[in-house]
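Examination of the molecular architecture
Read off the chains here:
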Amino acid sequence: MRPEVHASAWIAPTAVVCGDVRVGPDARILWNAVVTAEDGRVELGERCVVMEHALVRGRATHPVLISDDVLIGPHAHVNGARIGAEAFVATGAALFPGATVGARAEVRIHGVVHVNSAVPDGGLVPIGWVAVGDRVLAPDRHEEIWQVQRDLDFPGTVYGEDRGDDLLARVMPRQTAWLGAHRDDRVL
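Residues numbered from 1 in each chain as written. Predicted model: local features only at pLDDT ≥ 70, side-chain atom pairs only at ≥ 80, totals over all residues. Heavy atoms only, no water.

As for the overall build of the chain
Our working rule: A helix here means a DSSP run of H or I that spans at least four residues, while a strand means a run of E at least two residues long, and both kinds are numbered starting from the N terminus. The globule rule is 2.2 Å times the number of residues to the power 0.38, and the radius of gyration it is compared with is taken over C-alpha atoms. Think of it in three bands: with a 1.4 Å probe and only protein chains considered, a residue is buried below 20% of the maximum accessible area for its type, exposed above 50%, and partly exposed in between.
Each helix and strand in the chain was counted, giving 3 helices and 20 strands. The C-alpha atoms of the chain give 16 Å as radius of gyration, which agrees with the globular expectation for 188 residues (16 Å, within 12%). Each of the three principal axes of the chain carries a C-alpha extent, and together these read 50 × 40 × 20 Å. By residue count, 44% of the 188 residues in the chain fall in the buried class.

Overview of the pairing of strand β3 (residues 16-23)
Quick note on the threshold: Two strands pair if DSSP finds at least two bridges between them.
Pairing of strand β1 (residues 4-5) with β3 involves 2 bridges; the strand directions are parallel. Bridged to Val5 within β3 is Val23. In this structure, β3 lies alongside strand β5 (residues 34-44), joined through 7 bridges in parallel fashion. Counted as the bridge partner of Val16 is Val34 from β5.

Observations regarding the environment of Asp151
Among the secondary structure elements, Asp151 is positioned in helix α1 (residues 142-152). For the pair Asp151 and Asn116, spaced 35 residues apart in the sequence, the C-alpha separation amounts to 9.9 Å.

Read these as geometric descriptors, not functional statements.
As structure tokens, this is what we get:
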């Protein structure tokens, strides 16, 4: 698949846009950002801005759907998430597969929205905090975070595998083969 970029959108020359990506009117993808639909689509709405060094990655079972007027800050990581209109995803924030950020919500600097977790419309993840399930917790509450996070099934959601001591031994051969498919890609 090739990206579809609206004529009024702008992509910096050093940005990477790859695969089934749709970039809406007046959207901007800045320097060294990566927007990739490796195995699932990415849709950027009108007037979205993906800032420097951000990563936006669609997944087969979790496409990235970003509504209108959304800002994705520098060094943010949006992987298989849905983001409502007028939301703000700050510098270094991380959104994992199955995550949902509601309209006008904020995920502040280095905030995390874990797999299969939700931030409601107008919601807030403070600086460095973690949204897990339907809760938002301070990072020093690791045991509480883990109690919720364990049942959200990160390995099953991201890799389609059960948790276990040999998880990476099972996953990495498939990952390296899949990522190796880009060896023969060319710049268009």
